[in-house]
Amino acid sequence: MKEINCAVIEQAVARLCQQANIELGEDIVRAMQQALANEPAPAGRAVLEELIENAALARRERLAICQDTGMAIIFVKIGQDVRITGGILTDAINAGVSRGYREGYLRASVVSDPLLRVNTGDNTPAVIHYDLVAGDALEITVAPKGFGSENMSAVKLFSPSAGVEGVKHFVLETIRNAGSNPCPPIIVGIGLGGSLDKCTELAKTALLRSVGEYNPQPHLRALEEELLEAANQTGIGPSGLGGRTTALAVHVEAYPTHIASLPVAVNMSCHATRHASVTL
Amino acid sequence: MNKIQLELPLTHEAIKDLKAGDLVSLSGVLYTARDAAHKRLIAALEQGEPLPIELHNQTIYYAGPCPAPPGRPIGSAGPTTSGRMDAYTPRLLEQGLIAMIGKGMRTEAVVQSIVQHGAIYFGATGGAGALLAQRILQATVVAYADLGAEAIRKLVVEDFPVVVLIDSLGNNLYESGPAAWAEKPRD
């Protein structure tokens, strides 16, 4: 049994909020540099150059990569031999978000009620996903999610007869409909299977994977590669101004599902697909 | 391509020959306003109340910046998705608003209204908030301070880089740009 104090958790979450919002992942910077080398459209090239420069500037000057510092989506893997002391885990995480956003000069973008819409002032509460795992470690991932892209996401529960062709058509239709809105180049997280709730969670989880890594299952990797190529043939391009770089990656995650359904969730994300993790 | 230098506030004379795809560098005063501020501006118009800012020939930047870190006028400050303001935009163009800066598609009603009023829609690069903040010299909250990031701010900008997305004739870069680079027609 390992004891972890809430004060340690709060401090870790605060630091992760700032790290994720300020330091763009090297995998994404590399992907944009590769895209720039292959992008023939002048307007598209200019946007990629700006985004690469923006990431370097943000890291150097300790500024947020994007002013939409997102809603804090937090994934917690809690070892079942861990005991939390000094408070409630969820409260400690939210206290960390509050502190991280305030002390990091990150934008408070959360309203307390979807209809009444009063800003909570400190970007709380977070959306927290808990997973109970073996061992005595606590792994926390903070993934700030911008909503310009979130709003362009879509979910559909197909009949099994729709098959892989139905999935492909739906994903590409979602990408085309989104056009310039999600700030291309995008990263597309796709959840296949499960239930209505499970497939959307899978799609979100898919965004945590490093760009350049593929699903280990051959048929899902093939789907990722085919969808990425098709996305980049739409012509949407960086910022939607036209070009061959519409997506940097398409990540698919799958889960068993019901005999009656083929759930598909498409979670759209911009180049600032941010996440930072710590293991306590 | 050379950038066209323009001073803010703009004039109809200055923008009438701009074409979708032109790169423009803006210097002078503009105002930020996004979802919540737009809702209040329209509510004020419906109540017959005066607006907190004069819109004639002014430019609105759809942006909700990060708080200013010490020693800086503003935090990261890129554009937000313009489409969410579409329901409100024609009313503001009627009030004399001449230009908008944002990102993303607009409805046909907004395009028509842009043409009708000889206005213009510029794009700034979405996701380049840290870079764009370097072109903002001053930021002052001038209305709806309680909205926080969504308050209306008066910004003084220098060489603020934008591209013409929809020109005063209704030409749309989001149609012509991707069409030129698509590898096959839409199915």
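Our structure is the block above this text.
Let me begin by describing the structure that accompanies this report. Counting of residues starts from 1 at the beginning of each chain's written sequence and follows it residue by residue. Labels are handed out in written order, letters beginning with A for the chains and numbers beginning with 1 for the ligands. Only residues with pLDDT of at least 70 are given local features in this predicted model, and only at 80 or more are side-chain atom pairs given and counted; all residues enter the totals for whole chains, interfaces and linings. Excluded from the side-chain calculations are hydrogens and water; all other atoms, namely the structure's heavy atoms, are used.

**Quick notes on the sheet that holds strand 8 (residues 247-257) of chain A**
Residues and elements named next belong to chain A.
Link 1 in the chain: One open sheet holds the four strands; their spatial order is 6-9-7-8, and the pairing between them is mixed. The sheet is open, and its two borders are formed by strand 6 (154-158) and strand 8, each paired with just one other strand. Neighbouring strand axes in the sheet, compared pairwise and without regard to direction, differ in orientation by 15° on average.
Link 2 in the chain: Against the sheet, helix 6 (residues 163-178) touches strand 6, strand 7 (186-194) and strand 9 (262-269), its axis set at about 25° to strand 9.
Link 3 in the chain: The sheet contacts of helix 7 (residues 196-206) involve strand 6, strand 7, strand 8 and strand 9, and relative to strand 7 the element is tilted by about 145°. DSSP bridges decide pairing: two strands pair if at least two such bridges lie between them. We count a stretch as a helix when DSSP gives it H or I for four or more residues in a row; a strand needs E for two or more, and each element gets its number in order from the N terminus. Every angle, taken between N-to-C directions, lies between 0 and 180 degrees, and every axis is a line fitted to C-alpha atoms, over only the stretch in contact when it is a helix. Note on definitions: a residue-residue contact is assigned when non-hydrogen atoms from the two residues lie within 4.5 Å.

**Concerning the environment of B:G102**
All names here are of chain B.
Link 1 in the chain: Following the sequence through the fold, G102 ends up in strand 4 (residues 99-102).
Link 2 in the chain: Note: C-alpha distance between G102 and P161 (59 residues apart in sequence) is 12 Å.
Link 3 in the chain: Non-local contacts of G102, meaning those with residues more than four positions away in its chain, are made with Y62, P79, T80, S82, Y121, F122, G123, A124 and L165.

**Observations concerning the sheet that holds strand 5 (residues 138-145) of chain A**
Residue and element names in this part refer to chain A.
Link 1 in the chain: If you walk across this open sheet you meet the four strands as 4-2-5-10, and the pairing is mixed. Edge positions in the sheet fall to strand 4 (127-133) and strand 10 (276-279), since each of these pairs with one other strand and no more. This sheet shows a mean twist of 15° between the axes of neighbouring strands, independent of strand direction.
Link 2 in the chain: Strand direction decides the pairing type here: strand 2 (residues 71-79) and strand 5, joined by eight bridges, are antiparallel. Pairing of I78 across the sheet is with L138, part of strand 5.
Link 3 in the chain: Set on the sheet, helix 1 (residues 6-22) makes contact with strand 2, strand 5 and strand 10; between it and strand 5 the angle comes to about 40°.
Link 4 in the chain: Packing of helix 4 (residues 89-103) onto the sheet brings it into contact with strand 2, strand 4 and strand 5, and relative to strand 2 it is tilted by some 140°.

**Some thoughts on the interface of chain B and chain A**
Link 1 in the chain: Between chain B and chain A, the contact holds 40 residues from the first and 41 residues from the second.
Link 2 in the chain: When chain B packs against chain A, close to 3,300 Å² is buried across both sides, 57% of that on carbon and sulfur atoms.
Link 3 in the chain: Buried surface area refers to the total accessible area, computed with a probe of radius 1.4 Å, that the two partners give up upon joining, counted for both partners together. Counting the surface chain B buries against chain A, the share from its top three residues, B:L131, B:W181 and B:E183, is 20%.
Link 4 in the chain: Just to be clear on terms, a salt bridge is a Lys or Arg side-chain nitrogen sitting within 4 Å of an Asp or Glu carboxyl oxygen. Run the count over chain B and chain A and you get two salt bridges.

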